[in-house]
Amino acid sequence: MASRTERMQDILRGLRGASPEIIGAAVVSIDGFIVASVLPSEVDEELVSGMAAAMLGVGERISSELMASTMEQVYVRSEKGYVVLNAVGGDSVLVVLTSKDAKLGLVFIEVKRRCAELAKAVAAAA
Amino acid sequence: MATVHIEETGCRDCGLCVEICPTKVFDQDSEHKLARVARQDDCIGCTSCVYLCPSRCLSVAQAQLQRPFHRLEHNAALASRFLQQVPATEQLTEADYHEALADTQVRIKALAAALQEIMGRGYKAVARSAGNLAATHMPEMYETPRLEDLLAGLRRRFAQGFDFEAKVAEDGAVALTFSSCALHQVVASQGEVVGSATLCELFHEYFAGLISAFSGKNYAVATLGTVGQCTMRFQART
């Protein structure tokens, strides 16, 4: 039987395979640890995980302070592409890197679907 | 020809420029002791005054460097005297110590509170990253392959403010029991619970970041006990 990490790794591979514009993805815990990752080798996983956890924290604070609501998603647009962060369950975040040509609507649908699968994988292991 | 300019509002009448200038370009006015450029034409553009000015209110334009006067040893000693590295420690009183401690406590507590306020749950990840970054400033630790030796090295590095006993389990988990902690007093003075206060958690994560960076493994931290002494367990994540 596949371990939790292997199951999450499979889900991330499926996400990356869904669109050629998705460059990589990772699931990061709120403590800043990489739980599963299909990031390109040139990406520093430690750095990404630290920044993603920090951003999840800031996103949660902004959501609760300004909108009295829970955070669902943070996205960053740069000249070269997008970084989408989506909460997975209560203690993790899915980080998705895409190129600038990505159709964001499609990416969001895919992210939402995969987040539900990832949340199940996290819950099953808990 | 070099042109010296003093931003008068920045001058705090220390007189260092007057003292260091090899060609006596400056004078101090008799009333307020503020420096003023008295002999502009004598400036040789050594920039010693710019280098030394603690207020950074001096500038030298169109300078053609003549000699690195500010690197001469006796001038370095002058800078040292101004910084009061030696005399300050000798002249400190117990009241100074308590004032400095209280000031530091407020600042460090405010920093921790701001981090938590802004970062929410992400503040631990920031502290871990700080540990990772700080590790690069201790290059000698990377040459210590044994975990026990690494922890002994960290104990030496932190000896000014912390002391701990380290135990390494067979599975590589590390247990640290702190018999002395510089943050203990800071946390206690604010009426917070030692070991679980934000500042404590930041330090624990910082330490986990350090151990992770040096060992090449990802260590997660759990606080085991905080009664009297803080005990933490650092477990490598697979």
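The structure we're discussing is the one just above.
Residues numbered from 1 in each chain as written. Chains lettered and ligands numbered in written order. Predicted model: local features only at pLDDT ≥ 70, side-chain atom pairs only at ≥ 80, totals over all residues. Heavy atoms only, no water.

Chemist: Explanation requested: the sheet that holds strand β3 (residues 73-77) of chain A in the structure shown.
Modeler: Sheets are built from strands that pair by backbone hydrogen bonding, the pairs being arranged parallel or antiparallel. Residues and elements named next belong to chain A. Spatially, five strands are ordered β2-β1-β5-β4-β3 in an open sheet, and the strand pairing comes out antiparallel. Of all strands in the sheet, those bounded by a partner on one side alone are β2 (34-37) and β3. Strand-to-strand twist of the sheet, defined as the mean angle between neighbouring strand axes without regard to direction, takes the value 15°. Sheet topology places β3 next to strand β4 (residues 81-88); five bridges connect them, and they run antiparallel. Counterpart to V74 in the pairing with β4 is L85. Running at roughly 115° to strand β5 (residues 92-99), helix α2 (residues 45-67) makes contact with β1 (22-29), β2, β3, β4 and β5 of the sheet. (Pairing = 2+ DSSP bridges. Helix = DSSP H or I, 4+ residues; strand = E, 2+ residues; numbered from the N terminus. Axes fitted to C-alpha atoms, helices over the stretch in contact; angles between N-to-C directions. Contact = heavy atoms within 4.5 Å.)

Chemist: Would you explain empty space enclosed by the protein in this entry?
Modeler: Sizing a probe to match a water molecule and rolling it over the atoms shows the empty space that remains. All names here are of chain B. Per the counting criterion, the structure on display carries three cavities of 30 Å³ or more. A volume near 120 Å³ is recorded for the largest cavity. What lines the largest cavity is a set of 19 residues, and nearest its centre among them are C11, C14, C17, C53 and L58. Every element with two or more residues in the lining of the largest cavity is listed here: α1 (16-20) and α2 (48-52). Lining the second largest cavity are 14 residues, with C21, V25, C43, C46 and C49 positioned closest to its centre. (1 Å grid on protein atoms, 1.4 Å probe; cavity = no way out; pocket = protein on both sides within 12 Å on 5 of 7 lines; lining within 4 Å. Points joined across faces, edges and corners; volume = space filled by probe spheres on them.)

Chemist: Help me understand the state of the cysteines in this model?
Modeler: Linking two cysteines covalently through their sulfur atoms gives a disulfide. Residues and elements named next belong to chain B. Overall, the coordinates contain zero disulfides over all chains when judged by the stated rule. You can see C200 has no disulfide; the closest cysteine sulfur is in C230, sitting 5.6 Å from it. Take C200: its relative accessible area is 6%, and that puts it in the buried class. (Disulfide = S-S within 2.5 Å. Buried < 20%, exposed > 50% of the residue type's maximum accessible area, 1.4 Å probe, protein only.)

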